[in-house]
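# An overview of the molecular structure
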Amino acid sequence: MGKVVVFGSLSQDLHLPMERHPSTGETVMSGDIEYRFGGKGANQAVAAARAGVTSVFVGKVGDDPQGHEYVRRLGAHGVDTSRMEIVEGAPTGTAIIYNDASGENMIVVAPGANHHVQLADVDRLDDLTSDDVLLMPLELQHDVVAAAARRGSERGARVVLNLAPFAELPDDVLALCDPVVVNEHEAGLLSRAGIAPRSLLTTLGAEGSRWGQLQVPAVPVTPVDTTGAGDAFCGTLAAALCRGEGREAAMSLAAEAASACVLHHGAQPPLETDSTATAHQRQTSEEDHL
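The rules behind these values
Residues numbered from 1 in each chain as written. Predicted model: local features only at pLDDT ≥ 70, side-chain atom pairs only at ≥ 80, totals over all residues. Heavy atoms only, no water. Helix = DSSP H or I, 4+ residues; strand = E, 2+ residues; numbered from the N terminus. Rg over C-alpha atoms; globule rule 2.2 N^0.38 Å. Buried < 20%, exposed > 50% of the residue type's maximum accessible area, 1.4 Å probe, protein only. Contact = heavy atoms within 4.5 Å. Areas by Shrake-Rupley, 256 points an atom, 1.4 Å probe, with all protein chains shown as cover. Lys, Arg positive; Asp, Glu negative; His and termini not counted. Charge placed at Lys NZ, Arg CZ, Asp CG, Glu CD. Pairing = 2+ DSSP bridges. Axes fitted to C-alpha atoms, helices over the stretch in contact; angles between N-to-C directions. pLDDT = per-residue confidence, 0-100.

## What about the overall build of the chain?
- Assigned secondary structure in the chain consists of 8 helices and 14 strands.
- Scaling as 2.2 N^0.38, a compact globule of 290 residues should have a C-alpha radius of gyration of about 19 Å, and the chain matches this with 18 Å.
- Projecting the C-alpha coordinates of the chain onto the three principal axes gives extents of approximately 55 × 40 × 35 Å.
- Residues counted as buried form 51% of the 290 residues belonging to the chain.
- Pairs at least 24 residues apart make up 67% of the contacts formed inside the chain by residues separated by at least 6 positions.
- Element-wise, carbon and sulfur atoms account for 50% of the exposed surface of the chain, whose accessible area totals about 13100 Å².
- Separation between the mean location of the 20 positive side-chain charges and that of the 39 negative ones in the chain comes to 5 Å.

What follows is the structure in C-alpha cells.
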C-alpha cells in the first residue's frame, strides 16, 4: 500500500462562539475565545492518518511557539512531519472562525508561513509513485498547487484536489485530478464559470455526496461544530483510494468520518495530551519573553 501525501496549509485556529453571525456593520458579543489547530492541509493529513494509511504532510510553519507545537501535534496524530519546514521570521498561519449557535461557521484566514511554500518546494514530491495519492486543498498559492498537481501526475500518483477555497485553475490541471472535490457552493461556481472537470465529486451536506452518477448518503447526526467536516471527508477519501477501495466504499467511509468530525469542537479530534500541550505552549511563550 502506498501513502497519502498532503501538500497544503495549516493554521492556528481562533474560535469565537456567538449566538448568531453579525450583519455588515453590526457588533455582536462573543463567548470566550478558544485556540485550536486547523488549516485544510493539516486537517486532511490528520484524517488520512486516522484512516489507517501512511500520511505525509508537506508544508511550513512559523518559527514561533504555535508552529513548533503544531509540528509536535501532527506527529502525535500519526502524521509524518519529516518534510515540514519552519520558516524564520514568519508567523504560523492563523484562521479566525466564527461559530454560531447552530454550529455553522464563517472563517477568515491569514496565511503566514503557508505563503512561503514556493515552486521549489514541489521537488519534495519527487518520491511519489503510482501507489500514492497526492491530496491538495487550495490554501497555498495557486501556481504552486498547479505545479504540484503536474508533478504528482508525472510521477504516476493519483491526484485528488479539494477546490477550496474556490479558484479557477487551468483546465489541464483539473484534467489530472481524480477527483476534484467541491461542496455545493463551489460546484455552482464551477458551473457558472463553464468549467467541467472530468472527475467531479460534490459533497452535499446532509444529502451525502455525488461522484459522477453515483450518490452516497450522509450519516445523519446532530452537529456540534461543522468546522473541518469537508477536510475529514477529503482525507478519509484519499486514504480509502490509496488502499484501493472503489468509489462507493471510499465515499461511504469519508461520509462516516465527516459525520464523526462534526460531533466534536474544532477541525481536528482532541488528543489525550491536549492539556499537556497547552501547558507546554504557555511555558514556551513565557520563556520567549524572558
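## What about the sheet that holds strand β14 (residues 214–216)?
- Ordered by their spatial adjacency, 8 strands build an open sheet running β4-β1-β9-β10-β11-β12-β13-β14, and the pairing between neighbours is mixed. Both edges of this open sheet fall to β4 (54–58) and β14, since each of them pairs with a single strand only. When the angles between neighbouring strand axes are averaged without regard to direction, this sheet yields 20 degrees.
- Strand direction decides the pairing type here: strand β9 (residues 133–136) and strand β10 (residues 158–162), joined by 4 bridges, are parallel. For L135, the partnering residue across the bridge sits in β10 and is V160.

## What about the confidence of the model for the chain?
- Scored by pLDDT, the chain has a mean of 92; 94% of the residues are at 70 or more.
- Low pLDDT (under 50) marks residues 276–282, which in the prediction has 7 contacts with non-local residues, meaning those over four places away or in another chain.

## Description of the sheet that holds strand β3 (residues 34–38)
- One open sheet accounts for 4 strands, arranged β3-β2-β7-β8; its pairing is mixed. Single-partner strands in this sheet number two, and they are β3 and β8 (105–110). Adjacent strand axes in the sheet meet at a mean angle of 25 degrees when their direction is disregarded.
- By the bridge criterion, 6 bridges tie strand β2 (residues 11–17) to strand β7 (residues 94–99) in an arrangement that is parallel. Looking across to β7, one finds that L14 is bridged to I96.

## Observations concerning the environment of A48
- Assignment of secondary structure puts A48 in helix α1 (residues 40–50).
- Contact partners of A48, with chain neighbours within four places excluded, come to V4, V53, S55, G235 and A239.

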